[in-house]
Each structure stands twice: as C-alpha cells, then as structure tokens.
Amino acid sequence: MVDAADLALDEHPYAAFLARVKKPGRYLGGEEQSVIKDHAGLTCRFVLAFPDLYEIGMSHLGTRILYSLINDAEDLCCERAFTPWTDMEQELRRRDLPLVSLETYTPLRDFDVVGFSLQYELSYSNVLLNLDLGGVTLRAAERGEAEPIVIAGGPTATHPEPLADFIDAFLVGEAEETLTGMLRTIGRMRQEGRARVEILAAIAQIPGIYVPRFYRVEEEPRTGLQVVVGRTEEGLALGAPASVERVFVRDLGEFKFPTRFPVPYAEAIFDRASVEITRGCTEGCRFCQAGMIYRPVRERSPEDIIEAVLEGTDAGGFDEASLTALSTADVSCIDPLIKALVPELAKRKVSLGIASLRAYGLNESMLDEIKKVGIDGLTFAPEAGTQRMRNVINKNVSDEDVLASAKRIFERGYSRMKMYFIMGLPTETDEDVAGIVETGRMVRQLAASMVREGVVEQLPNITVSVSQHVPKPHTPFQWAAMDSMEDLESKVSLLRDQAKRAKVGCKTHDVRESWLECIFARGDRRLGATLEHAYKAGVRFDGWKELFAFETWLDALEATGIEAANYTQTLPVGVPLPWSHLDMGFEADFLESEYRKALADRVSPPCGKPAGAKVHHTTLADAEAEKKRLVCYDCGVACDLSDMRSERMVALRSLSERTEARLAEQAEREAEEAVEALAREEARREGGEELIPASRLARISGRLAPSNLDDDSAFKHNAEAPYSKVRLFFAKVGTLRFMSQLDLVRIIPRMFRRAGIEMGFRRGFNPQPRMSFGPALALGMGADEEVVDCDLLLERSAEDMAGLLSAEERQAIADDVFARLQDSTPPGMVLLGARIVAPGEKTLGELVAGADFAIELSGLSADARARLEARVGGLLAGEELTITREQRVKKKRNKRRRQVGTKTVVVDLRPRLLDVSVGEAQLRFRLRTDLEGANARPREIAALLTGQHVEDHQMRRLRLLGRDGEGDWLSLRELGGVWRAAHRRHVPGPPSAPA
C-alpha cells in the first residue's frame, strides 16, 4: 500500500491548470484516510465513477460503504472519480486529457471495472460524461475486448432500461454480499484473456445481476412502452436466468459500517461522520421507492452504531456526526440510543444531526439531548397538508402530531423548523394543496402565541419545502399519472401566493426537472437514444438548476421520436411495465392492493410495530410488558417477527446497561473531583497561599466574556474556559497548495481533534473554533513558512492567562503540543514549530508587515536568465515602477453587494517592492504590505518582473515578515514575541523565545 503523501503534486496530470478551475480540491486526491494500492498483483482494479460532483459523491453513504468493502479485500482496489464541473471539462478537452481516479491518477479506461452509483435519474447524462472523458466507449455493444466492464447499482438500477445501451451489467439490490465476488470473477477472467461476452455470461449467473444484452424487448401495445419479453438467442445459449431477483443483506451486523473513509478536502455537502443505523422502513408510504425496495427493515446494534459514530469522528476529526435512516423516529431504540450517544459526543464537542425525522416520536428528552450538541433547527416531513391526503399516501402523521412536535421544538429554543411536502399526489385537490401552507400557518400561529406568552423570545423561522410527486417503479403509485406541467405550475403559484399571505417561507422544486425525472424513471430502452442525443448536444448536471437545459431535452425527445405522454400517463394495472422483469420480492398483488387502498383513502398499519402503536417502546420494561403482536401485512419480503422482537429486547437491554454504567462512572468521577477540590482547599489554607493570586484571576475574568449559549450547551463551558493562544508555523506543499484559507478553517480543527487537543470555541450562538491566519495565499501557491494562531484549552491555560508561566514553561508546553500534532497533520502540511503567545503580545494582524516570494526558474537557459536580469535591472532603475489594474466597484443593494462598475487603480511599487534578486533557480522579491492604499498582488509583480504571465503554482511565499524594535525585517518565526503597550486585558512581561 502506498502513502497518499508520497504522490507528489508534480505527478498529477492536472497540476498545470488546477488553479484555473473552481474548487480544485475536487480533483486533487491524496486525502487523509484514502487508500492507495499498487495495481501490480491485484485480482481486479475497480473505479467508482460517481456521476456528480465530488462534494455530492463524498457525502453519499453508499460511496463510503463500497470504498471500505472493496479496499478491505487485499486483492481488490476501489478508487474514486467524480464528474468534473464544466470548467474542468473544458480544460480536459482542450488538452485532450482523460478523467482520472483520485488515488493513482489512472484513466478510467485502464481499470478492469468502472462502476456507477445511480441515485437519481437526472444524473444519467453525467454517466455518459464520465465514460466519455474517461476514454470508455459509450455504447456497451461497441466496446472493445480490452475496455473495462461497466456496471451500475443503486436505487435507480431497479428500473434501468434507459441506461441499458451503456451499462454492461446492473447490480439489482444491495452490494455487500455480491460485489466483491463479482469483481474477482471479472478480474480473473480478464487476466485469462476470456472474451467479453463470456465474462458477462459468467456474472449473469450471480444473484441480482442483470445483463441487458441477454434480454429482448418489444413494445407493449396497451401502454406504448417497450418491455422485456424474454431472453435473446444469445442469452438463452449462454444460460442467462429467466428473471432477476433483488439481492439484500440479511444481517447488517455482518457488515460493520465503515469508520475510516477519505476525509474530504473540498467541503462536502454533508461534511460529517454519518452512520447508517437502519436499512428499510416500517411505514409503507405509498410514494416512497426506497421504503419498498430496501425491505425488510434491518437495524444495526446500538453497540455497533455508537462505535461507528465515535470511531468515525475521532479518526476523521469531524465536528459533526449524523444518524441516517429512511425514518429515524421509527428505529426501535432511537430514544435511548441518542441518550447514550450524546454524552460521548458532548465530550468531543461534536454536534449530532438526525435525518428523516417524523412529526411524532420527538419526545422532550430526545429533543433536550440533541439541543445540547449544537443543533438549532429540525426538519421533518408531514408530506401532505390534509389528513385525507396523508391517508392516501399512508403517512401515519396527524395535525396534532405536527403541532405537538412544533411546541416541544420551540420550547427548547430551536430557532428553525422546516417541513417537507409533496404536491401532485394521486387524487389531490386544491384543498389538499392549500393544506400545505395551512399546516405551516398553524405552526407559525403556535410559535407566535408562544412569543406573546413569553415562552420563546423570538419567532422561529418556519419553512415549507414542496416537491412534485414523481410516480416511481416498484411502488403502489407506479401506475398513477404525473400531473401535467401546467397543473403543477398552477399549484406552485397557489402555494407561493398563500405562503406570502401566511408569512411562511416556501421553497418549491423546478416542475420541468420533475417532469423529465418521471420520463426516465418510467422509461424504456428507447430513451437511451434520447439520452445520447441530449448528451452530445451539451446537457450536463441536469439536477443543477444553473445547468438544466430543458429546451435541449425537448429537442432530443423530438429528434428521437419519443412521445413523452406515454411515460407520464396513467398505466393500466396488470400490464407488463419496463421494470417488471426485475423482481423486488413482493407478493404478486401487494402493490396493486396498496394502490387500491390509496384510491379509497384507506391506510395500512406500520409493519414491525405492535398493533396500534406509532412509536416503539423506549424502555426495556415497557417493551417486555407489551403483549400485542408485531404487525405484518404480507408484502412478500420474508421477515422473522420473533427474531425482530428479540433483537430489539437485546438492544434496549444493552443500552440500559450502558446508561447505568455511565451514570455510575459520572457519580464516581464527581465524588473524586469533590475530594480533590477539598484537598486542594485544605492545602491552600495550610500553606496560606493562593494557587493563582486573586489579582491575576481578576485579569483572567476580564478576558473571558460570557457565552451566548444556553447553560446546557456542550460548548458553553468551553467558550468561557481559560485558553492558551498557540502559534503554529507550517509549510504548505503538495496538494495542500490548492486548499484555500477557508478550507484550512475546516482542516486545522480536524487535525487538533485527531490529536486529542481541545480548541476554544467562539461565544456566539453558532460556536466555531477560534483561529486567526496571516494574509491568504492564492490557490496553487506554495508556502515555506505559514502561520496560524489557535486558542487551545490546555492544562495550564489559567496560569498562562494569569501571566504565571515563564517563557521556558510556555515553550515546553508548545513543544508538547507540537509533538502531539505530528501524527495528525493532513497531507501537504509540514509542521515547523510552535510557541505560546503570551498575554500582551501583538496579534498576527499587528505583526505582519511584508512577505518574501520566489518564482521557480528551473530549466531557464543562461541566456534567458541574463535577459531576465537585464529586464529586472531596467525596471528597478526606471523613473516609474507601477502596476495598473481594473478593479470592480460594488455597492450594497437589497442586502447584497453587487458590482456596479469598475475603476482604474494604480499601485506605486517603489515603497512596496523592497528587494529583487535573480538566482540560479529562483527569482525572489520582498513585498511590503503594511502601507496605506491598494497593495500589489504577487502574481502582478511576477508578471511585471518576468514580462509574462506566471501561474500561481509556479510561485511560493517563503515567509511572512515583521519588524523588530530596530526596524529590521525578520520572519515571524525568528521574531518571537513583540509586546504591545500595557492593556487592561494583558499582562506585560518579557517576550518569549522564537519557536
């Protein structure tokens, strides 16, 4: 295995132009905890080519599961690639460069297998983009023998016909028990030189694998849609199975959730340690495909969940964790689980997010626990605005549930509440649509009454977010028509008008995107031609509103002869559909029965719960006393209800024992602390001395302003605690050169978390680590000696703030911090030194007065160097030395700063450019930055001195500079401490030594 840090940036095929694209961190690789293997000797080389941006794919739990699953096998590798944004695509095409993996920079065409995780129909154009840029032939039938096998899985692989022309094989269901064996089969057969069709025939025998080329389609006259009618002659000859059944994991405990996963460089959408706590759902919402295709319900054990959350946050240094499930409130042990987990997260100052909450099950104690770790808003999904409509969709929620949960939320100081709804559902009326805003209005009215009564201080922010219903395959609503775009637009207008009058925030989804999603969700194999036509016409990132090209899609549908109405119409029950050949395991009439119940406004009870219960029992005693049977309404997916009940008893018992042990440990610790405090007080009285003199304590209290946080917040004590300001010096090399200062604000706290060093947090309502940096660098520019000040809560911080530590003691503490950080630094960060900034020293902003820079000149001939020296000499000897730039003028309009024009700025370099020298391999210059007026940018000076554009990655900042008492220029590391005039919050004293 290769260390990520060993891959030098110079080896990256995109190094020369990374600084030109937005968020170069998307393309760097080399993240902490990434796995890099030598390809020699591997059975199969696999790349997961996620069809969306890095920050989306890195947030996806399936990516984490597959990455760990495959890389845990010694003979397999899993590397990652993500769809490049349009700026990077342009750069790659301009240079004729391929899309490469993040781990080894290998083009997609050179892997044995290219895999796609299909989460969303509007990502299909990105599937083609990844293949195209990766050097893989688009159509499966045209691929050569040496090209990789292309596979796909995920929820939309259960209705895959629109992609059948481009994907060699689909994995239908869950991958854990199937994928590694399939990869080994492919890898071994490729090494043996077997034909492509032989490989596909072999993997078609694996349960859950669908190979489209082995199945023939015909048009179903009653719908006008193509459906699979049997095997092709080739499929029959090669023994392809007559049908394909979904595969799923029986016991999640056999596949522990991964705790070590590449820590994103570029900020991910969900930048946290997320853990899947259950798979499947008990509720049976009739619109929800995931709730159907992930049956049966399977829960991870509480011990495995707690272990995964804590190991994940510790290993990655995350400041947030989350528990994910299709319906978190319906997890059998969610209440005691949260109560067991929150104290551990509070110790680490890690907040907890909980996904997919329902309007019931939010009891007071659970909300109290979540609030302690920094969550200030909650989101849940009533889905429909009237009780009739909730009955239609089988949503087990009432208005009373919504208002009761809202009341509990607002009583506890939560400032935001968001509710998700769906419009365009079967049998929906205008009254049902209006009920969406009416639900929001009732919640706002409740909040307003609580403000008037003094229960809450400020009116919370209340938002309804509304999407359009898209009838999905393998759900009871798969036969229902989708509302026309005209009807949906009318409903959107109605919602917005009513929300404005009700003073409720309202967000809606693009109707056109939902319409296209429906076409591909219920699409047949003919849509492959439409997809290819649209892709070649330029469609990309169809789920991103800024790139969604609706007219291009309309042109593609027309050009390929597709009648869109066939895909959005009501489909007849009992007729084969484009996805009917893929068996989800349901009884033949289950979905039809649920559809008929929906049309009659009838509900079905939640499965796996005691009859009549909305939520599970939260205590062992209540669960043991329950005599009612668990509900099962015979969907056809085998569930052992006896095992389910016994597993829940085991979970509650283990959580109860864990809570008792924690409380006993806490009581013992508090008793020991009381004894120690008493002993210290006795020692103080006997010695007649104070450990820290009162006069010094007064100075500390003057520097520790009270926090705005609630008393029970896990961050309040931290924000008000004594701290030491530690100044770290570090080099920024390799891939870290392309990380912005904003990225470092996330990366550096992770480093301290991994090292077990607690940072101080700000005292506002949104606690963030306290840090300050020197002047920001341009993306791509390296640095030999950067600096950051961090507030740390150390054992002797109170003495430090009181001015009781000598310079030697401070440096010894700084050296200890420096040593503890060595194994936790991210790739590309080289720690150089550390020192504690004593009370009374100048801040970074007061110290930095200039910087030294270097331009790399490697490969420059002697003649070229002589010409450069002559040019520099001539510039410095000239009468004027200026830089002119056009600068944007911005003004604030409607609470946003907008550009209103430009102005010409002339910067006089004479007082700023202090020194220039041309060496064998570098051109160096010193830039002063503490003068009034506009400053010159390093790249502008580089262009002036060299006479040509210089890329930022060809430059380095050698050091930041300050001035000593004699006016001499020194690096900040050499300078050490520089004292300010006496101040009431500072204790003057001798400067400490340089780091």
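Now for a description of the structure that goes with this document.

Cut-offs and rules
Residues numbered from 1 in each chain as written. Predicted model: local features only at pLDDT ≥ 70, side-chain atom pairs only at ≥ 80, totals over all residues. Heavy atoms only, no water. Helix = DSSP H or I, 4+ residues; strand = E, 2+ residues; numbered from the N terminus. Rg over C-alpha atoms; globule rule 2.2 N^0.38 Å. Contact = heavy atoms within 4.5 Å. Areas by Shrake-Rupley, 256 points an atom, 1.4 Å probe, with all protein chains shown as cover. Lys, Arg positive; Asp, Glu negative; His and termini not counted. Charge placed at Lys NZ, Arg CZ, Asp CG, Glu CD. Pairing = 2+ DSSP bridges. Right-handed = clockwise from strand over helix to strand, strands pointing away. Salt bridge = Lys/Arg side-chain N within 4 Å of Asp/Glu carboxyl O. Buried < 20%, exposed > 50% of the residue type's maximum accessible area, 1.4 Å probe, protein only. Polar contact = N/O pair within 3.5 Å; in protein donor to acceptor, adjacent residues only side chain to side chain. Patch = residues over 30% accessible without salt bridge, like charges linked within 9 Å, V, L, I, M, F, W, Y side chains within 5 Å. Axes fitted to C-alpha atoms, helices over the stretch in contact; angles between N-to-C directions.

Helix and strand counts for the protein chain stand at 31 helices and 30 strands. Over its C-alpha atoms the protein chain spans a radius of gyration of 32 Å, differing by no more than 12% from the 30 Å that the globule rule assigns to 995 residues. For the C-alpha atoms alone, the extent of the protein chain along its principal axes is close to 90 × 80 × 60 Å. Expressed as a percentage of contacts within the protein chain between residues at least 6 apart in sequence, the contacts between residues at least 24 apart total 76%. Accessible surface, the protein chain as shown: approximately 41,700 Å² in total, 48% of it carbon and sulfur. Treating the 131 positive side-chain charges of the protein chain as one cloud and the 154 negative ones as another, the clouds have centres 5 Å apart.

With that settled, the discussion passes to the pairing of strand 16 (residues 416-423). With five bridges joining them, strand 15 (residues 377-383) and strand 16 adopt parallel strand pairing. Considered in strand 16, the bridge of Glu 383 is made with Phe 421. Bridge count for strand 16 against strand 17 (residues 461-468) is eight bridges, and the pairing is parallel. Each bridged residue has a counterpart across the sheet, and for Tyr 420 the counterpart in strand 17 is Ser 465. Traced from strand 16 through helix 14 (residues 430-452) to strand 17, the parallel crossover comes out right-handed.

For the rest of this paragraph, the subject is the pattern of salt bridges. The tally for this structure, following the rule as stated, stands at 79 salt bridges. With a shortest N-O distance of 2.9 Å, Arg 286 and Glu 594 are connected by a salt bridge. Remark: Glu 594 occurs in helix 20 (residues 590-599) and Arg 286 occurs in the loop between strand 11 (278-279) and helix 8 (289-293); sequence separation between them is 308 residues. Its relative accessible area of 0% is what places Arg 286 among the buried residues. Among the residues examined, Glu 594 registers a relative accessible area of 2% and is labelled buried. Taking the shortest distance from any N to any O, the salt bridge between Arg 796 and Glu 799 comes out at 3.1 Å. The partly exposed category is assigned to Arg 796, whose relative accessible area is 29%.

With that out of the way, let us pick up helix 16 (residues 511-521). With 10 of its 11 residues buried, helix 16 lies for the most part within the structure. Looking only at helix 16, the buried set comprises Val 511, Glu 513, Ser 514, Trp 515, Leu 516, Glu 517, Cys 518, Ile 519, Phe 520 and Ala 521. Tucked into the core, helix 16 has its buried residues touching helix 4 (124-133), strand 17, helix 15 (485-502), helix 17 (527-536), helix 18 (550-559) and helix 19 (565-568). Of the residues flanking the start of helix 16, the one acting as N-cap is Asp 510, its side-chain oxygen 2.9 Å from the backbone nitrogen of Arg 512.

Side chains of Glu 177, Asp 251, Glu 254, Asp 640, Asp 643 and Glu 647 sit close together on the surface and give a patch of like negative charge. Along the chain, Asp 643 falls in helix 22 (residues 641-687).

Right, let's get into a positive patch on the surface. A grouping of Arg 888, Lys 890, Lys 892 and Arg 897 is seen on the molecular surface, where their side chains present a positively charged patch. The element that contributes the greatest number of residues to the positive patch is strand 25 (residues 882-893), accounting for three residues. Examined against the element boundaries, Arg 897 turns out to sit in strand 26 (residues 896-908).

Another aspect to go through is the sheet that holds strand 14 (residues 351-354). Read across the sheet, three strands follow the order 10-13-14 without closing on themselves; strand pairing throughout is parallel. The sheet is open, and its two borders are formed by strand 10 (273-276) and strand 14, each paired with just one other strand. Mean inter-strand twist for the sheet, computed between neighbouring axes without regard to direction, equals 20°. In this sheet, strand 14 lies alongside strand 13 (residues 320-324) in parallel orientation, the contact comprising four bridges. Within strand 14, the residue paired with Ser 322 across the bridge is Gly 353. Lying on the sheet, helix 2 (residues 61-71) is in contact with strand 10 and strand 13; it crosses strand 10 at an angle near 85°.

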